[in-house]
Amino acid sequence: MKFIEGGVTAAKGFTAGGIYCGIRKNKSKPDLAMILSSVPCAAAGMYTSNLVKGAPILVTKKNLENGVARAVICNSGNANTCNADGEEKAWEMCRIAGEALSVDPSDVIVASTGVIGQVLPIEPIRQGAPALAASLSEQGSALAARAIMTTDTVEKEVAVELEIGGKPVRMGGICKGSGMIHPNMCTMLCFLTTDAAVSAPVLEQALRGVVADTFNMVSIDGDTSTNDTVTIMASGLAGNPEIRPGSPEYKAFYAALKAMCVRLARQMAKDGEGATKLLVCRVSGAKDKAAARQVAKGVVCSTLFKAAMFGADANWGRVLCAIGYCGADADIGKVDVSFRSSAGQVDVCRGGAGIPFSEEEAKQVLSQDEIDVLVALGDGEASAEAYGCDLTYDYVKINGDYRT
């Protein structure tokens, strides 16, 4: 497997694009994205665990009941959530996309992101869709990635290539997510594509497993969004023998999908609202996978620890504190903690107690823009990673007037 260029259009059969249609106030940023497959795709999706769900989720879940999709339409600037006419508008977006792209509206994945509780204006989408559809291209991934951004500061794209059954197979994706991000799932939209021949049930199986170890391990601010959606479409145009569960081909496909989603998860965490640092908590030696995940999440979710990382303060006690209240089955008397970055590694805790270390060296390690928090529990063989960021003054500034 290797990472390649191309994003969501790297796989055979996919085109994409994005334009400004008039939903957002900022006319310099596109606010409507489309992705199109030249053939019907096997498809699967996962969605937010929040009881309040955006109207587009309800429509997309209905459209994917048959495991088939051809296209995606997504707007930014308005979440179409908590609106009396929300589902009607989401269905209308599918009809608009279907007409513009000459596909069945029931084969359209629809998504929205932005402010909650404001009525979605449908006319800008209706007027902009034909031009957007006409502009779709194999080079349109970056435009689509930009059009789904809200407070994100950079586009988030990824693509990989591997060999399955003697055929080159590609998969790619775009995502957005910067604030209101917390596990199960994150505050995010993610659209994945592949040209592998794989059925919808197998796609769903792979997606569920991968999301548990990637997107569900990201936290920016402890708020789980109402519109989180991850979908994957498989065109089958690579020509490989259909991937079967449990086969070596499935394992290769799964590993590539996970690698791609890990990269997207890291991109989201690093671009957290106001963030200056990516924090990756790497837990080893846990009794089981559940405990490893719980500890890793507990550390990256700790507000006090995130603040300490902003100040490059090696306050390792906040790591142990988070482990202690996260609910995981762990023996604190066995816990080791280290901080690592491109500037080196500093060990700060052994057996649940502090050890001598250089504050100056620790400051240098923690002043880099990517920091690993290494937690060894000493209880078993399970491991997990969680992805987060530091908490800065700018996070409050961004969210203090997000709506206005």
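Scroll up for the structure.
Student: Where do I start with the overall build of the protein chain in this structure?
Tutor: The secondary structure content of the protein chain amounts to eleven helices and 15 strands. In summary, the protein chain has a C-alpha radius of gyration of 21 Å against a globular reference of 22 Å for 404 residues, a match within 12%. Each principal axis of the C-alpha distribution contributes one length, and for the protein chain these read about 65 × 55 × 35 Å. Classification of the 404 residues of the protein chain by burial places 56% in the buried group. Taking as baseline every contact in the protein chain between residues at least 6 positions apart, the subset at least 24 positions apart corresponds to 80%. Summed over its atoms, the accessible surface of the protein chain is roughly 15,400 Å², and 50% of this surface lies on carbon and sulfur atoms. Averaging the positions of the 39 positive and the 45 negative side-chain charges in the protein chain gives two centres separated by 1 Å.

Student: What should I look at first to understand the nonpolar core in this one?
Tutor: Soluble, globular proteins show a tendency: their nonpolar side chains are buried together. Ranked by size, the top nonpolar core spans 82 residues in total, and within it Leu 192, Phe 215, Phe 253, Leu 257, Val 319, Phe 339 and Val 375 carry the most contacts. It is helix H6 (residues 248–270) that provides the largest number of residues to this core, a total of eleven residues. When near neighbours in sequence (up to four residues on either side) are disregarded, Leu 257 contacts Met 171, Leu 192, Ala 206, Leu 207, Val 210 and Ile 232. By size, the runner-up hydrophobic cluster in this structure holds 25 residues, among which are Cys 21, Leu 36, Val 59 and Ala 129.

Student: Would you take a moment to explain unusual backbone geometry for this structure?
Tutor: Generally, phi is negative for residues other than glycine and the peptide bonds are trans, each holding for most cases. The phi angle at Cys 82 is positive, at roughly 60°, despite the residue not being glycine. Take Cys 82: it is sitting in the loop between strand S4 (68–78) and helix H2 (86–101). Residues other than glycine seldom take positive phi values, yet Ser 102 does so here, at roughly 60°.

Student: Sorry if this is basic, but what is going on with the sheet that holds strand S15 (residues 382–389) here?
Tutor: Strand pairing in a sheet is mediated by backbone hydrogen bonds. Such pairs are either parallel or antiparallel. The strand order across the open sheet formed by six strands is S13-S12-S11-S14-S10-S15, and the pairing between neighbours is mixed. Here the strands that pair on one side only, and so sit at the sheet edges, are strand S13 (353–354) and S15. Contacts between helix H8 (residues 303–310) and the sheet are confined to strand S10 (278–286), strand S11 (336–341), strand S14 (370–376) and S15, with S10 contributing the most and set at about 125° to the helix.

Student: Where do I start with the environment of Pro 241 in this structure?
Tutor: Looking at the element boundaries, Pro 241 is found in the loop between strand S9 (229–234) and H6. For the pair Pro 241 and Gly 173, spaced 68 residues apart in sequence, the C-alpha separation works out to 23 Å. With residues near it in sequence (within four places) discarded, Pro 241 still touches Gly 165 and Ala 197.

Student: Can you help me understand the packing of H2 against helix H3 (residues 123–135) in this one?
Tutor: Viewed as axis vectors pointing N to C, H2 and H3 meet at an angle of 35°, and their least axial separation amounts to 9 Å. In the crossing of H2 with H3, the sense of the turn from one axis to the other is right-handed. Residues Glu 92, Met 93, Ile 96, Ala 100 and Leu 101 of H2 form the contact with H3, whose participating residues are Ile 125, Arg 126, Ala 129, Pro 130 and Ala 133. In terms of residue class, the contact of H2 with H3 is made up of eight nonpolar, no polar and two charged.

Student: Help me understand the packing of helix H1 (residues 55–63) against H2 in this model?
Tutor: Each packed pair of helices is defined by two parameters, the angle between the axes and the distance between the axes. It is at 8 Å that the axes of H1 and H2 come closest, and there the two elements cross at 55°. By the criterion of interaxial angle, the relationship of H1 to H2 is oblique. In the packing of H1 onto H2, the handedness of the crossing is right-handed. On the side of H1, the interface is formed by Ala 55, Pro 56, Leu 58, Val 59, Lys 62 and Asn 63, while H2 contributes Gly 86, Glu 87, Ala 90, Trp 91 and Cys 94. Looking at the contact of H1 with H2 residue by residue, the class counts come to seven nonpolar, two polar and two charged.

Student: So what exactly am I meant to see when it comes to the side chain of Asn 80 here?
Tutor: Considering the arrangement of structural elements, one finds Asn 80 in the loop between S4 and H2. Taking relative accessible area as the criterion, Asn 80 reaches 1% and is therefore assigned buried. Leaving out residues up to four positions away in the same chain, Asn 80 has contacts with Gly 54, Ala 55, Pro 56, Gly 86, Lys 89, Ala 90, Ser 112, Val 115 and Leu 120.

Student: For this particular structure, what's the right way to read the pattern of salt bridges?
Tutor: Going through the model one piece at a time under the given rule, you end up with 25 salt bridges. Notably, a salt bridge pairs Asp 152 with Lys 156, separated by 2.8 Å at the nearest N-O pair. Summarising the burial analysis for this pair, Asp 152 and Lys 156 share the class buried. Several salt bridges converge on common partners, so that one network encompasses Glu 92, Arg 95, Glu 123 and Arg 126.

Student: Quick question: what am I supposed to make of H3 here?
Tutor: Within an α-helix, residues lying three or four positions from one another point in the same direction, as the helix has 3.6 residues per turn. For H3, with 13 residues, the first-to-last C-alpha span of 19 Å sits near the 18 Å given by 1.5 Å per residue. Taken as a whole, H3 carries its principal kink of about 40° at Ala 129; the proline Pro 130 stands between one and four residues after it. Burial in H3 covers these residues: Pro 124, Ile 125, Gly 128, Ala 129, Leu 132 and Ala 133.

Student: When you look at the pairing of S4 in this model, what are you seeing that I'm missing?
Tutor: Taking burial as the measure, the eleven residues of S4 include nine buried ones, the bulk of the element. The sheet contact formed by strand S3 (residues 32–47) and S4 spans seven bridges and is antiparallel. What sits directly across from Ile 35, in S4, is Val 72.

Student: Before we go on, may I ask you to explain the packing of aromatic side chains in this structure?
Tutor: The geometry of an aromatic ring pair is captured by the separation of the ring centres together with the interplanar angle, meaning the angle of the planes. Under the definition given, this model contains three aromatic pairs. Taken together, a centroid distance of 6.0 Å and an interplanar angle of 40° make the contact between Tyr 250 and Tyr 254 tilted. Here Tyr 250 and its partner Tyr 254 are both found in helix H6, four residues apart, which amounts to about one turn of the helix. For Tyr 254, a relative accessible area of 21% corresponds to the partly exposed category. Centre to centre, the rings of Phe 305 and Phe 339 are 6.3 Å apart; their planes meet at 20°, and the pair counts as stacked. In this pair, Phe 305 is assigned in helix H8 and Phe 339 in strand S11, connecting sequence segments 34 residues apart.

Cut-offs and rules
Residues numbered from 1 in each chain as written. Predicted model: local features only at pLDDT ≥ 70, side-chain atom pairs only at ≥ 80, totals over all residues. Heavy atoms only, no water. Helix = DSSP H or I, 4+ residues; strand = E, 2+ residues; numbered from the N terminus. Rg over C-alpha atoms; globule rule 2.2 N^0.38 Å. Buried < 20%, exposed > 50% of the residue type's maximum accessible area, 1.4 Å probe, protein only. Contact = heavy atoms within 4.5 Å. Areas by Shrake-Rupley, 256 points an atom, 1.4 Å probe, with all protein chains shown as cover. Lys, Arg positive; Asp, Glu negative; His and termini not counted. Charge placed at Lys NZ, Arg CZ, Asp CG, Glu CD. Core = buried A, V, L, I, M, F, W, Y, C linked by side-chain atoms within 4.5 Å. Pairing = 2+ DSSP bridges. Axes fitted to C-alpha atoms, helices over the stretch in contact; angles between N-to-C directions. Left-handed = near helix turned anticlockwise from the far one by under 90°. Nonpolar A, V, L, I, M, F, W, Y, C, P; charged D, E, K, R; others polar. Parallel < 35°, antiparallel > 145°, perpendicular 65-115°, else oblique. Salt bridge = Lys/Arg side-chain N within 4 Å of Asp/Glu carboxyl O. Expected span 1.5 Å × (residues − 1). Bend = angle between axes of the 7 residues up to and from the residue. Phe/Tyr/Trp six-rings, centres within 6.5 Å; stacked < 30°, edge-to-face > 60°.

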